[in-house]
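Given next are the chains, with one letter for each unit.
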Amino acid sequence: MPGFLFLIWDYDTAIGQINATYPYNFRQEPILEEIENVNIILKLGADYGISMTFACVGLAGESGNYPYHVPEQIRRIHESGHEIASHSWKHEWFPFLEKEQIRRSLARSKLTLENCIGVPGGVKGFVPPFSRPMSWYRKGAISLGDRALGPWYPGADIGSLLKSVNEAGYTWCRLSYRPLWRRLADRLQESNIRLKYWLKTHDIMIVPNNYCGFDEPALKLVEMAAEKELPLVISGHPAGLSRMREESLEKFKIFLQRVSELQSKGKIKYSTVSEYPQVISEEMHGG
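Residues numbered from 1 in each chain as written. Predicted model: local features only at pLDDT ≥ 70, side-chain atom pairs only at ≥ 80, totals over all residues. Heavy atoms only, no water.

## Focus on the pairing of strand 1 (residues 3–11)
Among the 9 residues of strand 1, 9 are classified as buried, and the element is accordingly described as predominantly covered. The side-chain alternation of strand 1 yields two buried faces, one formed by Gly 3, Leu 5, Leu 7, Trp 9 and Tyr 11 and the other by Phe 4, Phe 6, Ile 8 and Asp 10. Here strand 1 runs beside strand 10 (residues 268–270); their pairing, made up of 3 bridges, is parallel. Paired with Leu 5 across the two strands is Tyr 270, which belongs to strand 10. Where strand 1 and strand 9 (residues 231–236) come together, 6 bridges link them in parallel fashion. Bridge pairing in strand 9 places Trp 9 opposite Gly 236. (Buried < 20%, exposed > 50% of the residue type's maximum accessible area, 1.4 Å probe, protein only. Helix = DSSP H or I, 4+ residues; strand = E, 2+ residues; numbered from the N terminus. Pairing = 2+ DSSP bridges.)

## Considering the nonpolar core
Within the largest apolar cluster, 59 residues are counted, with the highest numbers of intra-cluster contacts made by Leu 7, Phe 54 and Phe 255. For this core, the leading source of residues is helix 7 (residues 216–228), giving 7 residues. One finds Trp 172, Val 207, Val 273 and Tyr 276 within the second-largest nonpolar core, a separate group that totals 12 residues. (Core = buried A, V, L, I, M, F, W, Y, C linked by side-chain atoms within 4.5 Å.)

## Points about a nonpolar patch on the surface
Where nonpolar side chains cluster on the molecular surface, the patch consists of Tyr 137, Ile 142, Leu 144, Leu 149 and Leu 180 and spans about 470 Å² of accessible area. With respect to the element layout, Ile 142 can be found in the loop between strand 4 (125–126) and helix 5 (158–167). When its relative accessible area of 38% is taken as the criterion, Ile 142 is described as partly exposed. (Patch = residues over 30% accessible without salt bridge, like charges linked within 9 Å, V, L, I, M, F, W, Y side chains within 5 Å. Areas by Shrake-Rupley, 256 points an atom, 1.4 Å probe, with all protein chains shown as cover. Salt bridge = Lys/Arg side-chain N within 4 Å of Asp/Glu carboxyl O.)

## Some points on helix 2 (residues 29–48)
Over its 20 residues, helix 2 runs 28 Å from end to end, which matches the ideal 28 Å to within 8%, given 1.5 Å per residue. Among the residues of helix 2, those classed as buried are Pro 30, Ile 31, Glu 34, Ile 35, Asn 37, Val 38, Ile 41, Leu 42, Leu 44 and Gly 45. As for helix 2, its buried residues are in contact with strand 1, helix 1 (13–19), strand 2 (53–56), helix 3 (71–79) and helix 8 (249–264). One or two residues past the end of helix 2 sits Gly 49, with phi positive at roughly 65°. (Expected span 1.5 Å × (residues − 1). Contact = heavy atoms within 4.5 Å.)

Here it is as structure tokens:
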């Protein structure tokens, strides 16, 4: 069997960029750039014949004024053969939310996106904004960066969040967390570039966020996934293609070309997240 590569895009859209930007450095241009970058990603996806997963903010799927609402583009993503997942309703900071706020964000974003693409039950995945929370008390993972700890903040614990994700009808959730022992081990090894295993809890498939970006560490992980025949999740932000960092358009094109070489040798295969169990079944049965 080949290794499997999952590209998950956190499509924040305008409301997400507003909620993630300090007032003194907000600009309109990045919002328009992000929308155009999605079009570039779709073109490259078609050129390379790959399927990807786009986690979209629910508000963007509503009818309304451009660029804050882009339902036509979300439908085009779906019609191009890619998966649509939820990135919350308006890119909220989940560690500060009350349980009812979490429930409403999960439910409305799912329903809105499903109505947008015209597929009831078609939105199966949830990608938390800011990749938060990263704290999972039961597994010994505590992140002070969540800026909220304790039972008064149900959105600050992954275990509590997963229960809400399950109740809202999702089947998978992308998460980033490291138990304290893992943090220590990574520090001693001076690296956290490694493959992370998928697991299921609360009837939710936990999809680990292995890496964000398309530079050399991402390519190293692709080689590892191909060699060990394991799944690999690489995340990116459409807005990041316009920045000269690890998510730049130049690095993404190099990444696609290098992966294409492994793909041509049958060593790596692209998949959307929700298709993964089906793909595995087909591969095991020679499909």
